[in-house]
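# Tertiary structure, described
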Amino acid sequence: MNSTARTSEVLTVLAAQDTERLTVRDIVAVLRDRAFALLVVLLGLPNCLPMPPPIPLICGLLLALVAAQIAAGMSAPWLPRALLSRSIARADLQRAVARAVPLLRRLERWSRPRMRVFENDLGMRAMGLLLLALALVLIVAAPIVGQIPLGLAVSLVGLGLVERDGVVVMAGLAVGVLGVLLNLGFVYAVFSAVAGLLNLGAASTSLF
């Protein structure tokens, strides 16, 4: 893969692989020297669409592992053999890429290296911690309403890192904050509903 290839080009090549299922090992092999940033994009993309379990959980766990390594200052990603053998159907990846590529191409025409505050070692470590926080929320995110904003946030952050565009990174983090708030609201609504049912049950019992 040409090191100057844009994100959309790399994803198009990845989705065109001649196999029914793509393992994580296959994906890392295609990404090569840009594996960290492009892995972030790839792990966010499936969550931009309604995906059946356990895909959001797997993406969240993988993202947490990648983010922890970025925060630790590692130069290349390490994944355990058990995770490298996990796979995703090429049809699912193609569906996510087909929807993402037109938007990515528009962003790439507008994006350029600027506000490069995340390129130094300290900045990348901080980015790793922020991505780790998003990954942990994604693991427990509400289906669709909580999952999709977080997937979009992660994808934008990854794209900003690939394109060295701090503006896109900041936009992704802003969407991530919205996603976290949506999930907190969902959790609050669920707990409130459960508490209301318990109180109603207690009140009904006290009448007898």
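Presented here is an overview of the structure given in this document.

What counts, and where the lines are drawn
Residues numbered from 1 in each chain as written. Predicted model: local features only at pLDDT ≥ 70, side-chain atom pairs only at ≥ 80, totals over all residues. Heavy atoms only, no water. 1 Å grid on protein atoms, 1.4 Å probe; cavity = no way out; pocket = protein on both sides within 12 Å on 5 of 7 lines; lining within 4 Å. Points joined across faces, edges and corners; volume = space filled by probe spheres on them. Helix = DSSP H or I, 4+ residues; strand = E, 2+ residues; numbered from the N terminus. Core = buried A, V, L, I, M, F, W, Y, C linked by side-chain atoms within 4.5 Å. Buried < 20%, exposed > 50% of the residue type's maximum accessible area, 1.4 Å probe, protein only. Contact = heavy atoms within 4.5 Å.

### What about the layout of surface pockets?
Size it by volume and the second largest pocket reaches roughly 350 Å³. Together, 22 residues line the second largest pocket, and I58, C59, L62, S87 and I88 are the ones closest to its centre. For the lining of the second largest pocket, the secondary-structure elements that each account for two or more residues are β1 (21-23), α2 (24-31), α3 (35-44), α4 (55-71), β2 (87-89) and α6 (90-110). Here the lining of the second largest pocket takes four residues from α4, the largest share from any one element.

### Observations concerning the nonpolar core
Formed by 51 residues in total, the largest nonpolar core has its most connected members in L31, V66 and M127. If you list the elements that add at least two residues to this core, you get α1 (7-15), α2, α3, α4, α6, α7 (121-139), α8 (147-163) and α9 (166-206). Per element, the largest residue contribution to this core is nine residues, and it comes from α3. Excluding its chain neighbours within four sequence positions, the residues that come into contact with M127 are F118, V157, L161, V169 and L173. Membership of the second largest hydrophobic core comes to five residues, among which are L49, M51, C59 and A96.

### A short note on the environment of V194
Tracing the chain through its elements places V194 in helix α9. V194 sits 154 residues away from V40 along the chain, and the two C-alpha atoms are 36 Å apart.

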